[in-house]
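# Topology and contacts: notes
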Amino acid sequence: MWSRHLTTALTLAAATALTAPTASAAPATDAAPTAPQVAPARAATQKTAALGTCTLTPTPLPLPTGTTDGVVNAGDSGGGYAGVATGGGGEHAVRWSGGKVADYGDLPGLTDSLTVSGVNRDGTVVGYTDDAQNKVHPFRSRGGKLEALAVPAFSGAGPMNAFPSAVNDAGDIVGWAYADRDNAPMVAVMWPAAAPGTVVKVTGGLPTTGQTEAAGIDQDGTVLVNSYPADDPVTGNGVYLWRAGSARKLAVPPGETSVKGYALSNGRVAGEAGTHGVLWDQNGTVVRPDKGALLYAVNRTGRIVGYQPSPFGSQVLGVWQLGTQSAVATLTGTDKTVHVSADDGTLAGSVWSSGTHRTTPTTWRCG
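Presented here is an overview of the structure given in this document. (Residues numbered from 1 in each chain as written. Predicted model: local features only at pLDDT ≥ 70, side-chain atom pairs only at ≥ 80, totals over all residues. Heavy atoms only, no water.)

## Considerations on the nonpolar core
What tends to happen in soluble globular proteins is that the nonpolar side chains get buried as a cluster. Judged by nonpolar contacts, the single largest core of 14 residues is most densely connected at Ala-93, Leu-114, Val-116, Val-125, Phe-139 and Leu-146. Listed by contribution, the elements that provide at least two residues to this core are strand E5 (69–75), strand E6 (81–86) and strand E9 (113–119). The element that contributes the greatest number of residues to this core is E9, accounting for 3 residues. (Core = buried A, V, L, I, M, F, W, Y, C linked by side-chain atoms within 4.5 Å. Buried < 20%, exposed > 50% of the residue type's maximum accessible area, 1.4 Å probe, protein only. Helix = DSSP H or I, 4+ residues; strand = E, 2+ residues; numbered from the N terminus.)

Shown next, in the form of C-alpha cells:
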C-alpha cells in the first residue's frame, strides 16, 4: 500500500524500442519550425533492444498548511511544478520550487472549483475557475496571488467562457474560449505578454470554419492548435503549429482521419491519431511508439509520457525518448496519475492512498 511517504518504488520492465529512420532525424534546437507548409508523413522503423530495468522512485511534494490533498498538473522549464491543493474549505493554486510550496490561493469571489493548466520559469501560474453559475473565468498569478485575465468577447458574443492551457517563459498565455450559448464554437485565443490586459484570437493559416483550440505554446512563441468540425468539439481533424500569423499543418498518419495534439515542447508534439499515440518530431516526421495509445506530455529533450492499452482495473504507464519506447510499468488500479514530463527529466502527478483516502502530489525520477 502507498503511504504518504511513498517509500515503495516502481520497477519498470524492459520493453521493445521504436525509432524513427536515421535519415529523418532532426538536430536538437530550441526553435520550432515555422515555415507554413505541410510536412510529409514518413514511415517509422521498428527495432528491438534490451533496455534492462529502471526504478522509478517517487517523492512526495509538500502541501500548504491547512490543505490535505494535492495534484501536480504542470511543470516549468526550471524544475518547478504547479497544481492544485484542496482542503480547508476550498481549492488553491500552488507552485512547488526547490522542494518548497507556495500557496497562491484562489480567485477572489470565485470558489466553486479551480484548475491549474500551466506554469512558467518565473512562477506565473495559469488556469481557470468556475463560479456558482458554471461560468468559466481565466486567471494568472502575479505577486503570489491569482488575478483575473481579460475575458474574450468577440463578434458581439458577450463575455465568453475562457480556458488558458499553457504559458511560456516570455509570459504569453494561450487557450480557447466559447460563448455562453448552446453549440457555440471554440476559438483559439492568446493573452499576449506584450499587451497586458488584452486577449486576441489566434488566426492566420488556420481553418476559417469549424472550431479551434490552442493546446500549448513553445518557448519561441509557436502555438499548438487543434481544429475540429463545427458540430464536433471532441474529434480533432487537424493539428497545426502557428506562429505570428502563419501556420503549418502537421501530417495525418496514413489510414487515420482524427488527430489531436496534447503537448508541445522544443518543436515536438505529443498526441494521438485514431486510437494510437503519435509523436510529431521537429521536422514533421510522424513516429508511432509501440503500444502507445495516448501520448499527452513531452519535454524539451523529447521524453514523452502516455498510457498504453491495458486490462480493466489497471494502467500501463509508458515512457518514451524521442519516439523510442524506453520502458513500461504496470500501475495497479487507478491510484496513480502522471500529468507532467518535466524538462529536468522528472515525471509528476499524484498518488491516491486507499488507506488515508488522501491524494499526494508526487514526482518520479528514473534512477
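Moving on from the coordinates now.
## What about the pattern of salt bridges?
Any two side chains of opposite charge can pair, on the condition that their charged atoms come close. For the structure on display, the rule yields 10 salt bridges. Asp-335 is paired through a salt bridge with Lys-336; the nearest N and O atoms lie 2.8 Å apart. By sharing partners, the salt bridges in this structure join Arg-140, Arg-142 and Glu-147 into a single network. (Salt bridge = Lys/Arg side-chain N within 4 Å of Asp/Glu carboxyl O.)

## Section: the pairing of strand E17 (residues 211–217)
Across the 7 residues of E17, 7 count as buried, placing the element largely inside the fold. The pairing of E17 with strand E18 (residues 223–228) spans 6 bridges and is classified as antiparallel. Residue pairing across strands places Glu-213 opposite Asn-226, the latter belonging to E18. Between E17 and E18, which pair antiparallel in sequence order, lie 5 residues; one of them, Gly-221, sits at a positive phi of approximately 95°. (Pairing = 2+ DSSP bridges.)

## Structural notes on the sheet that holds strand E23 (residues 276–280)
Strand order in the open sheet formed by 4 strands is E21-E22-E23-E24, and the pairing between neighbours is antiparallel. The sheet terminates laterally at strand E21 (259–265) and strand E24 (286–287), the two strands that pair on one side only.

## Digging into unusual backbone geometry
Of note, the phi angle at Asn-134 is positive, near 65°, even though the residue is not glycine. Within the secondary structure, Asn-134 is located in the loop between strand E10 (125–130) and strand E11 (136–142).

## Re the sheet that holds E6
On the basis of which strands lie adjacent, the open sheet formed by 4 strands has the order E5-E6-E7-E8 and antiparallel pairing. Looking at which strands have only one partner, the edges of the open sheet turn out to be E5 and strand E8 (100–105). When the angles between neighbouring strand axes are averaged without regard to direction, this sheet yields 30°. Pairing analysis gives 6 bridges linking E5 to E6, with the strands arranged antiparallel. Looking at E6, one finds that Asp-69 is bridged to Thr-86. (Axes fitted to C-alpha atoms, helices over the stretch in contact; angles between N-to-C directions.)

## Some points on the layout of surface pockets
Here the largest pocket is characterised by a volume of approximately 1100 Å³. Residue lining of the largest pocket: 44 residues in total, with Ser-117, Ser-165, Ala-215, Tyr-262 and Ala-263 positioned closest to the centre. Breaking the lining of the largest pocket down by element, the ones donating at least two residues are E5, E9, strand E13 (160–167), E17, E21, strand E25 (294–298) and strand E29 (336–341). Among the elements that make up the lining of the largest pocket, the one with the highest residue count is E21 (6 residues). Lining the second largest pocket are 21 residues, and of these Pro-185, Met-186, Val-187, Lys-201 and Gly-210 lie nearest its centre. Split by residue class, the lining of the second largest pocket holds 10 nonpolar, 9 polar and 2 charged. (1 Å grid on protein atoms, 1.4 Å probe; cavity = no way out; pocket = protein on both sides within 12 Å on 5 of 7 lines; lining within 4 Å. Points joined across faces, edges and corners; volume = space filled by probe spheres on them. Nonpolar A, V, L, I, M, F, W, Y, C, P; charged D, E, K, R; others polar.)

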